[in-house]
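Next come the chains, spelled out residue by residue.
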Amino acid sequence: MDRTIRRWNLEHHNDEVFELSGHDGAVSCLQFWSYALVTGSVDKSIRMWDLRTGKSHRTLRGHAGPVRSLQFDDRIVISGGLDRQALVWDIRTGKVIQCIETSGQVLGLCFSRGECLVASSDKVIYVRLAEPWPHQFAAGKRHGALPSKKSRI
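Small disclaimer: the values here were computed from a predicted structure and weren't measured.

Rules of the game
- Residues numbered from 1 in each chain as written.
- Predicted model: local features only at pLDDT ≥ 70, side-chain atom pairs only at ≥ 80, totals over all residues.
- Heavy atoms only, no water.
- Pairing = 2+ DSSP bridges.
- Helix = DSSP H or I, 4+ residues; strand = E, 2+ residues; numbered from the N terminus.
- Axes fitted to C-alpha atoms, helices over the stretch in contact; angles between N-to-C directions.
- Salt bridge = Lys/Arg side-chain N within 4 Å of Asp/Glu carboxyl O.
- Buried < 20%, exposed > 50% of the residue type's maximum accessible area, 1.4 Å probe, protein only.
- pLDDT = per-residue confidence, 0-100.
- Contact = heavy atoms within 4.5 Å.

> For the sheet that holds strand β7 (residues 67-72), give the residues involved together with the corresponding values.
The strand order across the open sheet built from four strands is β7-β8-β9-β10, with neighbouring strands paired in antiparallel fashion. Lying at the two open borders of the sheet, with one neighbouring strand each, are β7 and β10 (96-101). Neighbour-to-neighbour, the strand axes of the sheet open up by a mean angle of 15 degrees, direction not taken into account. Alignment of β7 against strand β8 (residues 76-81), held across five bridges, turns out to be antiparallel. For Val 67, the partnering residue across the bridge sits in β8 and is Gly 81.

The following block contains the structure:
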């Protein structure tokens, strides 16, 4: 892995439009919407990119281990790491607004309409409700936890 993200123009014979570089480790997860791209890396950081310019405009640091999963919308980024934490970031300030701790490494996550599902290596899904959505997740409030089967989530 070469620590870069490449944007290609498939309409013009696979011409590379630009290469995004900035992470010090392999890129392990990403999401894009329109011209916004957010990437997570084994270097423990999250970068926010503008696909119109190919430039990183913010780096989020707070994980103690590699970032394994993330999702964002127009207000927050939620990132999950092998450090057993899911961090909720305010996009406007770049600050962590909540830390969701799990007993296992965070392998995946998603959020929608005030609920955040976190899949961790201990086979438990944590559900957090927002009060009020979308900026403030209920601190420490667990709506429910579901033990999974022995298969991976």
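Structure's up, so let's keep going.
> Tell me what's going on with the pattern of salt bridges, and back it up with residues and numbers.
Tallying each qualifying case throughout the model produces one salt bridge. Between Asp 50 and Arg 52 there is a salt bridge whose closest N-O contact spans 2.9 Å. For Asp 50, a relative accessible area of 14% gives the class buried.

> Before we move on, could you go through the confidence of the model for the protein and cite the residues and values that matter?
Per-residue confidence for the protein gives a mean pLDDT of 79; residues scoring 70 or more make up 71%. Mean pLDDT across the secondary structure elements of the protein bottoms out at strand β14 (residues 144-147), with 41, and peaks at β7, with 96. The low-confidence segment residues 132-153 (pLDDT under 50) makes 54 contacts with residues lying over four places distant or belonging to another chain.

> Summarise the sheet that holds strand β4 (residues 36-41); cite the residues concerned and give the values.
Reading across from one edge, β3-β4-β5-β6 is the order of the four strands in this open sheet, with antiparallel pairing throughout. The sheet is open, and its two borders are formed by β3 (27-33) and β6 (55-61), each paired with just one other strand. Direction aside, neighbouring strands of the sheet carry axes that sit 20 degrees apart on average. Note: β3 against β4, six bridges, orientation antiparallel. Bridge assignment links Gln 31 to a residue of β4, and that residue is Val 38.

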